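Coordinate analysis (summary)
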Amino acid sequence: MPNLEMLARWVFFAGIGLGVLGGILWLISRIPGMENFPGTIKIQGGGVTCFFPLLLSIILSVVLTVLLNIIIKMLNK
């Protein structure tokens with residue numbers, strides 16, 4: 001069944017991608033001062049604290065978009 005084999009590959013690579021993404025997020029969370037970054041929403045309650053770094057997310061998105069566009073243009077030459 002070639003369709004099942006293709007699905008298995010996609011699930012495998014998606015799992016690897018999620019693992020890498022989780023590792024990157026874990027490392028980013030270890031950077032001191034991240035909770036005090038401007039544009040960060042902090043919600044506390046019931047013994048749980050959540051940080052939502054909105055400004056940092058926008059900055060990372062712009063930087064990664066520019067880098068990926070540069071890499072793609074270099075590969076297409």
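This text goes with the structure placed above it.
On a predicted model such as this, the values are computed, not experimentally measured, just so you know. (Residues numbered from 1 in each chain as written. Predicted model: local features only at pLDDT ≥ 70, side-chain atom pairs only at ≥ 80, totals over all residues. Heavy atoms only, no water.)

What follows deals with the packing of aromatic side chains. Inspection of every chain in the model, using the stated rule, returns one aromatic pair. Their ring planes at 70 degrees and their centres at 5.3 Å tell us that Phe12 and Phe13 sit as a pair that is edge-to-face. (Phe/Tyr/Trp six-rings, centres within 6.5 Å; stacked < 30°, edge-to-face > 60°.)

A few words now on a nonpolar patch on the surface. A cluster of nonpolar residues, Leu55, Ile59, Leu60, Val63, Leu64 and Leu67, forms a patch on the protein surface that exposes about 480 Å² of accessible area. With respect to the secondary-structure elements, Val63 resides in helix α2 (residues 54-75). (Patch = residues over 30% accessible without salt bridge, like charges linked within 9 Å, V, L, I, M, F, W, Y side chains within 5 Å. Areas by Shrake-Rupley, 256 points an atom, 1.4 Å probe, with all protein chains shown as cover. Salt bridge = Lys/Arg side-chain N within 4 Å of Asp/Glu carboxyl O. Helix = DSSP H or I, 4+ residues; strand = E, 2+ residues; numbered from the N terminus.)

It is worth spelling out the pairing of strand β2 (residues 48-53) at this point. Sheet topology places strand β1 (residues 40-45) next to β2; six bridges connect them, and they run antiparallel. What sits directly across from Lys42, in β2, is Phe51. Connecting β1 to the antiparallel partner β2 that follows it, the hairpin turn spans two residues, and Gly46 within it adopts a positive phi of roughly 60 degrees. (Pairing = 2+ DSSP bridges.)

Turning to the pattern of salt bridges, a few remarks are in order. On inspection of all chains with the given rule, the structure shows one salt bridge. When the shortest N-O distance is used, the salt bridge between Glu5 and Arg9 registers 3.0 Å. Taken together, the positions of Glu5 and Arg9, both in helix α1 (residues 2-29) and four residues apart, correspond to about one turn of that helix.

By the secondary structure assignment, Ile41 is in strand β1. Since its relative accessible area comes to 40%, Ile41 is described here as partly exposed. The spatial distance from the C-alpha of Ile41 to the C-alpha of Phe52 is 5.0 Å, given a sequence separation of eleven residues. For Ile41, the residues in contact, after removing those within four places along its chain, are Cys50, Phe51, Phe52 and Leu54. (Buried < 20%, exposed > 50% of the residue type's maximum accessible area, 1.4 Å probe, protein only. Contact = heavy atoms within 4.5 Å.)

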